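Letter by letter, the chains look like this.
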Amino acid sequence: MMRVRFAPSPTGYLHVGGARTALYNWLLARKLKGTFILRIEDTDELRSSDDSVRQIFDSLRWLGLDWDEGPLDGGEGASGRGGEKKRWASKGNFGPYFQMERQEIYRKYSQELLTKGALYECFCTEEELQAHRDQALLAKRAPRYSKLCRRLSEKEKESFRAQGRAPTLRFAVPEEGQTVFDDSIRDRVSFSNLELEDFIVVKSSGGPTYNFACVVDDHLMEITHVIRGEDHISNTPKQILIFQAIGWPAPQYAHLSILLGPDGSRLSKRHGATSILEFKDQGYLSQAVVNYLALLGWATQDSQDLFAHEELIAKFELERCQKNPAAFDYAKLQWMNGIYIRKLTKSQLLAAVRPFLGPVPANLEPILEEIVALEQEKYRTFAEARDLLGFFFNDNFDYRWEDIEGLMAKSLNLKTRADLDRVLAELAKRLGGLADFSVAGVEVSLRALAKDFGWKNTEVFHPLRFAVSGKLQGPSLFHMIALLGRDWTLGRVARLAGLKNSLAGAPIQE
RNA sequence: GGCCCCAUCGUCUAGUGGCCUAGGACGCUGCCCUCUCAAGGCAGAGAUCACGGGUUCGAAUCCCGUUGGGGCCA
């Protein structure tokens, strides 16, 4: 039975790199009917915050990455045994899932390792270590720990203790041989033990270091596969050494490549959105983000790029993950988002666009779903909704005169303000008297007008489009006119007709 | 600086010794459709497979080196 985990530090929002790691873990768990575990690595007390924990929950929930074990989403404020304050309730039998609540467990195993002789006490002070590092650097040697305290006598230790020095616990790394592991993505990776320094396992404060807590948790939570970012590759041999020292089997590792920004440097805020919640706020659909993220570093044999949810789960394979780093391409995400938006039903679309619309006049509420659907094929993100639809909700929008002037400059019949007024007057007259104000009815009427004038269709349609929206590009004209109705249409035609002398560049004949 | 990882169109990638005069997708350009913009359809430009050596009848694919990028430790 596969058990995988996602183990973020709650020191900020969940960024796309982390989300992609979570997704790959989740995908595999779902595909192989395994268990997806969420563990919060909050041992960095200074930088960890409950707010970050909530953000991680929100992000995972938005992406649809539900966890089978871990803190209970919404279980905030639960109280622990013995009256001590516990911030979150949890689900699963391997908890607690917050590392800060597992301190005694780490202590137990570090004591065991110390007794076994796998660990030793190091009394070096920060200053001494720093001085040593500087010296090594000066001599152009690798600044590794000197193993000074590795063979201290009991007497020497006693004297350090008498000085009040609190020791760190270091791992006694074998001085020969190699530590090797088979990575699911990169095949065999090996490190010479000589290159690994005697790393710290327990800090002088008594708290575990990342590598130690991680090993203890991964074992106790019965993690079978550790799928994480490439930035952890050099932690892996240390963790394996700890596993071996305690006598536990190490899990299978898979290291995902790192994500880069569009310019090839490490993805950061200056490239655009990096936090998952930001994508939500910018009008992306979680399905699109999931689909896109899945493709950043993974591909099927036929380079398929659109996946139904279940299909993604069925087809995902760790072994087909890319070894080289992937650059985040916002343009492709936007394209993909557009694809997913076009698949929505009208009511889904409205629900998704709604938060981006701003104030909507009450009288338009009943047809809002239809209005929003008019531009369904155009949104790349919902944030564009305001630009696309704003004129529907605001009777006093500004006209973009340069648009119609540009058209008139190229037009055969619509050349002057007088021409514009003439066609607007005729438009008002015919639409005002039109019995059938349906899409088809409007279309027939408008085409007839153009024919009667001897004008090109565009020369009639565009003035109307301009009157009604202030722009020359927008939704299908007949559909929007029919939908919004006669009064709305005539009111806007009248408004434009009333704006005298507003045509700056084009020749005006009074 | 040390160790580790990586290297195919601008980007994501397919490719695991002959099917590759390197395929798909985004983006870009043009055409068609058309009331505009999109969407859609079609076409096109775009990669001496980082470079140099090998191995082999034959290499993007295997080996070695170089260069470049990245990660971790400082």
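Structural notes, computed from the coordinates. (Residues numbered from 1 in each chain as written. Chains lettered and ligands numbered in written order. Predicted model: local features only at pLDDT ≥ 70, side-chain atom pairs only at ≥ 80, totals over all residues. Heavy atoms only, no water.)

## Here's the deal with the overall build of chain A
Turning to step 1, where the next piece is worked out: A tally of helices and strands in chain A yields 20 helices and 13 strands.
Turning to step 2, where the next piece is worked out: The C-alpha radius of gyration of chain A comes to 33 Å, more than 25% above the 24 Å expected for a compact globule of 510 residues.
Turning to step 3, where the next piece is worked out: Along the three orthogonal principal directions, the C-alpha set of chain A runs to about 110 × 50 × 45 Å.
Turning to step 4, where the next piece is worked out: For chain A, restricting intrachain contacts to residue pairs at least 6 apart in sequence, the fraction spanning at least 24 positions comes to 72%.
Turning to step 5, where the next piece is worked out: Of the roughly 23900 Å² that chain A leaves accessible, carbon and sulfur atoms contribute 51%.
Turning to step 6, where the next piece is worked out: If the 67 positive side-chain charges of chain A are averaged to one point and the 68 negative ones to another, these points end up 1 Å apart. (Helix = DSSP H or I, 4+ residues; strand = E, 2+ residues; numbered from the N terminus. Rg over C-alpha atoms; globule rule 2.2 N^0.38 Å. Contact = heavy atoms within 4.5 Å. Areas by Shrake-Rupley, 256 points an atom, 1.4 Å probe, with all protein chains shown as cover. Lys, Arg positive; Asp, Glu negative; His and termini not counted. Charge placed at Lys NZ, Arg CZ, Asp CG, Glu CD.)

## Re the packing of helix H17 (residues 439–453) against helix H19 (residues 477–484)
Turning to step 1, where the next piece is worked out: Close contact between H17 and H19 brings their axes to 8 Å; oriented N to C, the two are set at 120 degrees. Here H17 lies oblique to H19, going by the angle between them. Handedness of the crossing formed by H17 with H19: right-handed. Judged by residue contacts, Val439, Val442, Glu443, Leu446 and Arg447 of H17 engage Leu477, Phe478, His479, Ile481 and Ala482 from H19.
Turning to step 2, where the next piece is worked out: Of the residues assigned to the contact of H17 with H19, the class counts are seven nonpolar, one polar and two charged. (Axes fitted to C-alpha atoms, helices over the stretch in contact; angles between N-to-C directions. Parallel < 35°, antiparallel > 145°, perpendicular 65-115°, else oblique. Left-handed = near helix turned anticlockwise from the far one by under 90°. Nonpolar A, V, L, I, M, F, W, Y, C, P; charged D, E, K, R; others polar.)

## Considerations on the layout of surface pockets
Turning to step 1, where the next piece is worked out: Looking at the largest pocket, its volume works out to about 1100 Å³.
Turning to step 2, where the next piece is worked out: What lines the largest pocket is a set of 39 residues, and nearest its centre among them are Ser9, His15, Gly18, Asp231 and His232.
Turning to step 3, where the next piece is worked out: Residue contributions to the lining of the largest pocket peak at five residues, all from helix H1 (residues 16–31).
Turning to step 4, where the next piece is worked out: Partitioned by chemical class, the residues of the lining of the largest pocket number 13 nonpolar, 16 polar and 10 charged. (1 Å grid on protein atoms, 1.4 Å probe; cavity = no way out; pocket = protein on both sides within 12 Å on 5 of 7 lines; lining within 4 Å. Points joined across faces, edges and corners; volume = space filled by probe spheres on them.)

## Some details on the packing of aromatic side chains
Turning to step 1, where the next piece is worked out: Within this structure, the stated rule accounts for 25 aromatic pairs.
Turning to step 2, where the next piece is worked out: Taking 5.8 Å as the distance between ring centres and 50 degrees as the angle between the ring planes, the aromatic pair formed by tyrosine 399 and tryptophan 401 counts as tilted.
Turning to step 3, where the next piece is worked out: Given the relative accessible area of 9%, tyrosine 399 is considered buried.
Turning to step 4, where the next piece is worked out: Overall, the relative accessible area of 15% leaves tryptophan 401 in the buried class.
Turning to step 5, where the next piece is worked out: Sitting over the ring of tyrosine 340, lysine 343 keeps its end group 4.8 Å from the ring centre. (Phe/Tyr/Trp six-rings, centres within 6.5 Å; stacked < 30°, edge-to-face > 60°. Buried < 20%, exposed > 50% of the residue type's maximum accessible area, 1.4 Å probe, protein only. Lys NZ or Arg CZ within 6 Å of the ring centre and 35° of its normal.)

## Considerations on the side chain of glutamate 69
Turning to step 1, where the next piece is worked out: Its location among the elements puts glutamate 69 in the loop between helix H2 (50–63) and strand S3 (70–76).
Turning to step 2, where the next piece is worked out: For glutamate 69, a relative accessible area of 8% corresponds to the buried category.
Turning to step 3, where the next piece is worked out: A polar atom in the side chain of glutamate 69 sits 2.9 Å from the side chain of arginine 3.
Turning to step 4, where the next piece is worked out: Here glutamate 69 is in contact with Arg3, Thr35, Phe36, Ile37, Leu38, Lys91, Gly92, Asn93, Phe94 and Tyr97, once residues within four sequence places are set aside. (Polar contact = N/O pair within 3.5 Å; in protein donor to acceptor, adjacent residues only side chain to side chain.)

## Here's the deal with the pairing of strand S1 (residues 3–6)
Turning to step 1, where the next piece is worked out: Side chains Arg3 and Arg5 of S1 all project onto a buried face; the interleaved residues Val4 and Phe6 project onto the opposite face, where all are buried too.
Turning to step 2, where the next piece is worked out: Sheet topology note: the S1/strand S2 (residues 35–38) ladder contains four bridges and is parallel. Bridging from a neighbouring strand, valine 4 pairs with phenylalanine 36 of S2. (Pairing = 2+ DSSP bridges.)

## A few points about H1
Turning to step 1, where the next piece is worked out: Taking 1.5 Å per residue, 16 residues should reach 22 Å; H1 reaches 22 Å between its end C-alpha atoms and fits that length.
Turning to step 2, where the next piece is worked out: The buried fraction of H1 is high, at 15 of 16 residues.
Turning to step 3, where the next piece is worked out: Positive backbone phi, approximately 55 degrees, marks lysine 33, located one or two places after H1. (Expected span 1.5 Å × (residues − 1).)

## What about the sheet that holds strand S9 (residues 200–202)?
Turning to step 1, where the next piece is worked out: Strand order in the open sheet formed by three strands is S5-S6-S9, and the pairing between neighbours is antiparallel. Taken across any chain shown, the strands that pair with only one partner, and hence form the sheet edges, are strand S5 (119–122) and S9. Recorded for the sheet is a direction-independent mean angle of 45 degrees between the axes of neighbouring strands.
Turning to step 2, where the next piece is worked out: In the sheet, strand S6 (residues 168–171) pairs with S9 via two bridges, with the strands oriented antiparallel. Bridge pairing in S9 places arginine 170 opposite isoleucine 200.
Turning to step 3, where the next piece is worked out: This element, helix H3 (residues 103–116), spans S5, S6 and S9 of the sheet and lies at about 95 degrees to S5.

## Observations concerning the side chain of asparagine 25
Turning to step 1, where the next piece is worked out: Here asparagine 25 is to be found in helix H1.
Turning to step 2, where the next piece is worked out: With near-sequence residues (within four places) excluded, asparagine 25 lies in contact with Val4, Arg5, Phe36 and Ile227.

## What to know about the pattern of salt bridges
Turning to step 1, where the next piece is worked out: In this structure the tally under the stated criterion is 25 salt bridges.
Turning to step 2, where the next piece is worked out: A salt bridge links aspartate 68 to arginine 30; the shortest N-O distance between them is 3.1 Å. Taken as a pair, aspartate 68 in the loop between H2 and S3 and arginine 30 in helix H1 lie far apart in primary sequence, 38 residues in all.
Turning to step 3, where the next piece is worked out: Relative accessible area serves as the criterion here: at 32%, aspartate 68 is assigned to the partly exposed category.
Turning to step 4, where the next piece is worked out: Taking the shortest distance from any N to any O, the salt bridge between arginine 47 and aspartate 44 comes out at 2.9 Å.
Turning to step 5, where the next piece is worked out: A relative accessible area of 55% means that arginine 47 is categorised as exposed.
Turning to step 6, where the next piece is worked out: In this structure aspartate 44 comes out as partly exposed when scored by relative accessible area, which is 29%.
Turning to step 7, where the next piece is worked out: Here the salt bridges do not stand alone but share partners, grouping Arg5, Arg39, Glu41, Arg102, Asp217 and Asp218 into one network. (Salt bridge = Lys/Arg side-chain N within 4 Å of Asp/Glu carboxyl O.)

## Observations concerning the pairing of strand S10 (residues 225–229)
Turning to step 1, where the next piece is worked out: Counting buried positions over the five residues of S10 gives four, a clear majority of the element.
Turning to step 2, where the next piece is worked out: Bridge count for S10 against strand S11 (residues 252–256) is five bridges, and the pairing is parallel. Pairing of histidine 225 across the sheet is with glutamine 252, part of S11.
Turning to step 3, where the next piece is worked out: In the classification by handedness, the crossover that spans S10, the intervening helix H7 (residues 236–246) and the parallel S11 is right-handed. (Right-handed = clockwise from strand over helix to strand, strands pointing away.)

## As for the nonpolar core
Turning to step 1, where the next piece is worked out: Counting 116 residues, the largest nonpolar core has Phe279, Leu293, Phe328, Leu389 and Phe392 as its most contacted members.
Turning to step 2, where the next piece is worked out: When residues of this core are assigned to their parent elements, the largest contribution, nine residues, is made by H1.
Turning to step 3, where the next piece is worked out: Setting aside its immediate chain neighbours within four residues, phenylalanine 392 contacts Leu364, Ile371, Leu374, Pro475, Met480, Leu484, Trp488 and Arg492.
Turning to step 4, where the next piece is worked out: Among the nonpolar cores identified, the runner-up in size contains 30 residues, and Phe181, Ile242, Phe243 and Ile246 belong to it. (Core = buried A, V, L, I, M, F, W, Y, C linked by side-chain atoms within 4.5 Å.)

Spatial relationships are all this shows, so hold off on functional conclusions.
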